[in-house]
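Letter by letter, the chains look like this.
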Amino acid sequence: MLANVLTKTVRDRQLAVLIGVAGVLLMALLGLGAYSGLDDTIADLYDSMPEAYLAIIGISDVTTAGSLILGQVANLMAPMVLAGLGISMGASIIAGEEAAGTMGLLLGNPKSRTGLVLSKAGAMVLLLTVGAGLIWAGTYGVAAAFNTEMSSLMLGAAMIHVLAISMFFGFFALLLGAATGKRSVASGTSVGLLLLSFLAAGVLPLIESVADLAKLFPWYYFNSSAPLNNGVDAGHLSILIGGTLFMGLGAIVGVNRRDLRTGEGGGGLIERLKEHPMMQKVTEKITGRAKVSSIAVKTSTEYQGLAVIAGLAIFYTALIVGPMYNGLSDVLVDFANAVPEAVLAIIGFADLSTPEGWYQAEVFSLVVPAAMIVVTVMMGAKGVAGEEENNTMDLLLSNPIPRVRVIGGKTAAMVLVILGIGTATFLGTAAGSALGGLGIGYSGIAAASFLGVLLGLVFGGVALVVGAGTGNRRVASYVAAGLAFVAYFANAFLLVNENTAQWAKLSPFYYYQEGEPLLNGLQWGNAAVLTGLFALLVLVAVPLFQRRDIRN
Amino acid sequence: MTNQPAILTEGLTKHYGDVEALIDLDLSVGSGEVFGFLGPNGAGKTTMIRTVLDLIRPTNGRASILGMDSHESAVEIRRHVGYLPGDLALYPNLTGQETLTYFANLRGGVDWSFVNGLADRFNADLTTKVSDYSSGNRQKIGLIQAFMSKPEVLILDEPSTGLDPLVQADFQALLSETAAEGRTVFLSSHTLSEVERVAHRVGIIRQGRLVVVEAVDELKSKAIRRLEMQFGSPIDEDVFRGVDGVRDVNTEGTRVSVSFKGEMATLLRAAMAHDLVNLNSDEADLEEIFLTYYRDPESERTAV
């Protein structure tokens, strides 16, 4: 596997792809298990569902429980997982070698920059193709195990679209990484575009006047043609593939035009913005100066920029969702009447005809937990394991501080940063509700925001524990993010079927959403469960960290 | 506390699975001593240092610093220890000044006039971000942070890495001053000339075992040296055979070349009994001794 750059890249990345594929198939298994026996209910309601809603979740022709789950696999899980893997690989192709300081060594060999891009991009294409193929074959296997009717579904065509969108985002990250040499810029921007693109392609078509704007986003070309039902759309596919090739060429030009870096350098996107003369003043105001009075203060100032950006993103999302409700309320009322709770539970929708339900669907079901969890998992994983990975832990611990203080400081910073984002969530929702005249109660907004904070802390706690136990930042991030992914869908799927509903209580998402906090205010028991879980995780992290050798 | 050895290890052993990184290491370093710790790559130097600092835990045995157990009193020990890691990494988004401030805050009781004095002495720029430093400038920040609290014990792992000769000279002077103040320096290094210049004693570790601990002067006296002698008339080489310490004798007319180990007095007495015209002696080559220890597993039994 070390024969050349391509095979080494495959060797380094194959495990992540296999884990991603296994995760998707596990979700398919869980979904088909939970939904088995609900075929009649689902078939009955399909005809009455408005097309706009179906566009959001990218499903049409829902005739059986199986087709609903397979729609989720092909339209949401598989593309999200494979595009995520593509971004991770694409961002590392050039910028990853630079961050690790290995680029000089690699190019000390008779290998051109262009050759390097081609070899590594080739490995990415190969791995994503194998990943899509395995999901395709695996899903057939899982569906067969549950005797799911699949004759009307074109899973192969859907997976070709999945492969195209994941390569598009992988090459987008490659382009940014090759042009800037900053892995964090490449992956952060690409993930941002992925989420924005997913939401835009779902929401914009709902509003007639701006529906065409959806065509600006790559996700539109992935599933607006419903490939699972209609087969491959050659036009859409060629746009994605053409864009991918164009970005590949851009990456080659980009990497050949600039000086290569040794080491990641400063703090990613923020540091780059600071270097830009036009953005310097604004960025410095956002991030503030580094403060080093304690571990907690130093860590939280490092994330100040990220917190401000994530907070603003949530604030504006929550702000614009309010006024949107008035324009859509007629559609939403029809929709709410048509759809039973069983389906609403999948995407965490509450009663869409109410302002609270609308906010729950558009802001609190996915955007808030995703933003909170991304930030806390990053902080939790970097908390202990990041210092070890950067080789700074030896120096930190050569000071007269016990290891528990490192955990304490990192935890305090995580709480502080996420409370800031929680505050932005509260303010954005309150302002959006006021702007739209929706009259959502402040106590409900505070409760939902606070539970979002707690949910984020639970998964940040998982990342902290795994990082404290292993000293491996990547493992900590993957485990925590993977667990969040499984927990999200497990909660949605398991709640639908009476026989499996009890098991949903194993998912932290259950305690985040249960009891409709936006409408009914804080569910104290649920808040206590999440707080207790977070405290327990931090407590477990302490002895795990204290007992082991520091990695070097 | 001052009566205790600055650093003491007893049967210190560290295994990584089947790999024996440290084996039964017994070592005592006294207060006010500059101790040079030498060994080839992968011999166990950094493992020993990280074990003593409680960053990794011994499989067997124990270590103490200033009489305090390295694990039980890890935090208290660090109040008295300054440490420079071998593979130094700093926070790229902080300036040198911010880096030192951070560690000064964590440590407490740092005298900033002393820190600024160190920065001046090393000609260190504290205003630039660490990510923009050269490796030498980064090393200067590492050195300043190790010395800035005036610790009783300094543990420095490859401290001269990346330093230019001028800064190296300043650093070596600082080591001597530190020892003169009664403080202890434990110095792991590959720069043999530096160790020879500043260390009172050296320990050599190979494949996890401490193979020798000796005063530098003692080691030098045990070095095999060559002596070239010029006599007024040809001389029989038997004159020097059997003289204490003489290993090998070669004669070429009036020139005699002798390799010997130990005191020179007996050899000189034998030479002075004849018509000695000129004498030329090589400096004892410590490096050759080190390399002998590095290379040959049996050397500890034969080289001394």
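The structure reproduced in this document is the subject of the present report. The structure displayed is predicted, hence computed values, not measured ones.

1. A few points about the overall build of chain A
(1) Moving on: Looking only at helices and strands, one finds 26 helices and zero strands in chain A.
(2) Moving on: Contacts in chain A between residues far apart in sequence, at least 24 positions, make up 76% of those at least 6 positions apart.

2. Concerning the overall build of chain B
(1) Moving on: The secondary structure content of chain B amounts to 11 helices and 14 strands.
(2) Moving on: For chain B, buried positions account for 40% of its 304 residues.
(3) Moving on: Contacts in chain B between residues far apart in sequence, at least 24 positions, make up 68% of those at least 6 positions apart.

3. Some details on the interface of chain A and chain B
(1) Moving on: Contacts between chain A and chain B engage 25 residues on the former and 27 residues on the latter.
(2) Moving on: If you list the elements that add at least two residues to the side of chain A that touches chain B, you get helix H15 (295–302) and helix H20 (393–397) of chain A.
(3) Moving on: Of the residues forming the side of chain A that touches chain B, the biggest block, three residues, is contributed by H20(A).
(4) Moving on: Classifying every residue of the side of chain A that touches chain B gives eight nonpolar, 12 polar and five charged.

4. Some points on unusual backbone geometry
Residues and elements named next belong to chain B.
(1) Moving on: In this structure, Leu66 is a non-glycine residue whose phi angle is positive, near 50°.
(2) Moving on: On the secondary structure map, Leu66 appears in the loop between strand E4 (60–65) and strand E5 (68–69).
(3) Moving on: Residue Leu66 is classed as buried on the basis of its 22 C-beta neighbours within 10 Å.

5. What to know about the packing of H15(A) against helix H21 (residues 403–435) of chain A
Residues and elements named next belong to chain A.
(1) Moving on: Contact geometry for H15 and H21: axes closest at 8 Å, N-to-C directions at 40°. Considering the angle they form, H15 stands oblique to H21. Considering only the axes of H15 and H21, their crossing is right-handed. Each of Ile295, Ala296, Thr299 and Ser300 in H15 lies in contact with H21, whose residues at this interface are Arg405, Val406, Gly409, Lys410, Ala412, Ala413, Leu416 and Val417.
(2) Moving on: Broken down by class, the residue content of the contact of H15 with H21 amounts to seven nonpolar, three polar and two charged.

6. A short note on helix H5 (residues 135–147) of chain B
Residues and elements named next belong to chain B.
(1) Moving on: Here H5 contains 13 residues, and its C-alpha end-to-end distance of 19 Å stays within 8% of the 18 Å for a straight helix at 1.5 Å per residue.
(2) Moving on: In terms of residue burial, H5 counts as a mostly covered element, since 11 of its 13 residues are buried.
(3) Moving on: Listing the buried residues of H5 in full gives Asn137, Arg138, Gln139, Lys140, Ile141, Gly142, Leu143, Ile144, Gln145, Ala146 and Phe147.
(4) Moving on: Contacts from the buried residues of H5 go to strand E6 (81–84), helix H3 (96–107), helix H4 (112–121), strand E7 (153–157) and helix H6 (165–180).

7. Topic: helix H19 (residues 367–389) of chain A
All names here are of chain A.
(1) Moving on: In the structure, H19 departs most strongly from a straight axis at Gly383, where the bend amounts to approximately 55°.
(2) Moving on: For H19, the tally of buried residues reaches 20 of 23 residues, placing the bulk of the element in the interior.
(3) Moving on: Count one or two residues on from H19 and you reach Asn391, which has phi positive near 65°.

8. As for the pairing of strand E14 (residues 276–281) of chain B
All names here are of chain B.
(1) Moving on: Across the six residues of E14, zero count as buried, placing the element largely on the outside.
(2) Moving on: Alignment of strand E11 (residues 224–231) against E14, held across five bridges, turns out to be antiparallel. The residue bridging Gln230 from the neighbouring strand is Asn278, located in E14.

9. Quick word on the pairing of strand E12 (residues 246–252) of chain B
Taken residue by residue, a regular strand's side chains alternate between the two faces of the sheet.
Residues and elements named next belong to chain B.
(1) Moving on: Judged from the six bridges that link them, E12 and strand E13 (residues 255–261) form a sheet pairing that is antiparallel. Its bridge partner lying in E13, Glu252 is registered against Arg255.
(2) Moving on: Counting the residues between successive antiparallel strands, the hairpin from E12 to E13 contains two residues, one of them, Gly253, with a positive phi of roughly 65°.

10. Some words on the nonpolar core
(1) Moving on: Grouped together as the largest cluster of nonpolar side chains are 243 residues, with contacts concentrated most on Val24(A), Val375(A), Ile421(A), Val462(A), Ala480(A) and Phe186(B).
(2) Moving on: With 18 residues, the top contributor of residues to this core is helix H8 (residues 155–180) of chain A.
(3) Moving on: Every residue in contact with Ala480(A), bar those within four places of it in the chain, is listed here: Val377(A), Gly380(A), Ala381(A), Phe459(A), Val462(A), Ala463(A) and Val466(A).
(4) Moving on: In this structure, Met229(B), Val256(B), Phe260(B) and Leu267(B) belong to the second largest nonpolar core, which totals seven residues.

11. Concerning the sheet that holds E14(B)
Strands pair in a sheet through their backbones, by hydrogen bonds, and they do so in one of two ways: parallel or antiparallel.
Residues and elements named next belong to chain B.
(1) Moving on: The four strands are arranged E12-E13-E11-E14 in an open sheet whose pairing can be described as antiparallel. Where the open sheet ends on each side, the last strands, each with one partner, are E12 and E14. Neighbour to neighbour, the strand axes of the sheet diverge by 20° on average, direction disregarded.
(2) Moving on: Here E11 pairs with E13 via seven bridges, running antiparallel. Residue pairing for E13: Gln230 is matched across the bridge by Arg255.

12. Examining the packing of H19(A) against H21(A)
Residue and element names in this part refer to chain A.
(1) Moving on: Between H19 and H21, the shortest axis-to-axis distance is 10 Å and the interhelical angle comes to 165°. When the interaxial angle is binned, H19 and H21 end up roughly antiparallel. Both H19 and H21 take part in a crossing whose hand is right-handed. Every residue of H21 that contacts H19 at Val368, Ala371, Met372, Val375, Thr376, Met379, Gly380, Gly383 and Val384 is listed here: Val406, Ile407, Lys410, Ala413, Met414, Val417, Ile418, Ile421 and Thr425.
(2) Moving on: Grouping the amino acids of the contact of H19 with H21 by side-chain chemistry returns 13 nonpolar, four polar and one charged.

13. Structural notes on the sheet that holds strand E9 (residues 201–206) of chain B
Residue and element names in this part refer to chain B.
(1) Moving on: Taken in spatial order, the six strands make up an open sheet running E6-E7-E8-E3-E9-E10, and their pairing is mixed. In the strand order of this sheet, the two ends are held by E6 and strand E10 (209–215), each with one partner. On average, each strand axis in the sheet is inclined to that of its neighbour by 15°, with strand direction left out of account.
(2) Moving on: Strands strand E3 (34–38), E7, strand E8 (184–188) and E9 of the sheet are contacted by helix H1 (residues 45–52), whose axis makes an angle of about 145° with E7.
(3) Moving on: Where helix H10 (residues 286–295) meets the sheet, it contacts E3, E9 and E10, and its direction lies at approximately 30° from that of E9.

14. Overview of the environment of Ala446(A)
(1) Moving on: Looking at the secondary structure, you find Ala446(A) in helix H22 (residues 442–470).
(2) Moving on: Between the alpha carbons of Ala446(A) and Ala430(A) there is a distance of 8.9 Å; along the sequence they are 16 residues apart.

15. Focus: the environment of Ala178(A)
Residues and elements named next belong to chain A.
(1) Moving on: Looking at the element boundaries, Ala178 is found in helix H8.
(2) Moving on: Linking Ala178 and Gly471, residues 293 residues apart in sequence, is a C-alpha distance of 29 Å.
(3) Moving on: Aside from chain neighbours lying at most four places away, what touches Ala178 is Ile93, Ile94, Val117, Ala251, Gly254 and Val255.

Definitions and cut-offs
- Numbers given for residues are sequential positions, taken from 1 along each chain in its written order.
- Here chains are named by letter from A upward and ligands by number from 1 upward, in the order in which they appear as written.
- Under the rules for a predicted model, residues below a pLDDT of 70 receive no local features and side-chain atom pairs below 80 are neither given nor counted, while totals for whole chains, interfaces and linings still include all residues.
- To qualify as a helix, a DSSP run of H or I must reach at least 4 residues; to qualify as a strand, a run of E must reach at least 2; elements of each kind are numbered from the N terminus.
- By definition, residues are in contact whenever their C-beta atoms, placed on the basis of the backbone, come within 7 Å of each other.
- Our exposure labels follow a C-beta count within 10 Å of each residue's own C-beta, placed from the backbone: buried means 20 or more other C-beta atoms, exposed means 12 or fewer, and partly exposed covers the counts in between.
- When residues are sorted by character, Ala, Val, Leu, Ile, Met, Phe, Trp, Tyr, Cys and Pro go into the nonpolar class, Asp, Glu, Lys and Arg into the charged class, and all the rest, Gly among them, into the polar class.
- Under this scheme, a helix contributes an axis fitted over its contacting stretch, all axes are lines through C-alpha atoms, and angles between N-to-C directions fall in the 0 to 180 degree range.
- In what follows, roughly perpendicular refers to angles from 65 to 115 degrees, roughly parallel to angles under 35, roughly antiparallel to angles over 145, and oblique to any angle outside these ranges.
- Put simply, a crossing is left-handed when the front helix is turned counterclockwise from the back one by less than a right angle, and right-handed when it is turned clockwise.
- An expected span of 1.5 Å times one less than the residue number is assigned to each helix.
- Note that the bend at a residue is defined as the angle between axes fitted to the seven residues ending at it and the seven residues starting at it.
- At least two bridges found by DSSP between two strands are what make those strands a pair.
- A set of buried residues qualifies as a nonpolar core if it consists of Ala, Val, Leu, Ile, Met, Phe, Trp, Tyr and Cys joined through C-beta atoms within 7 Å.

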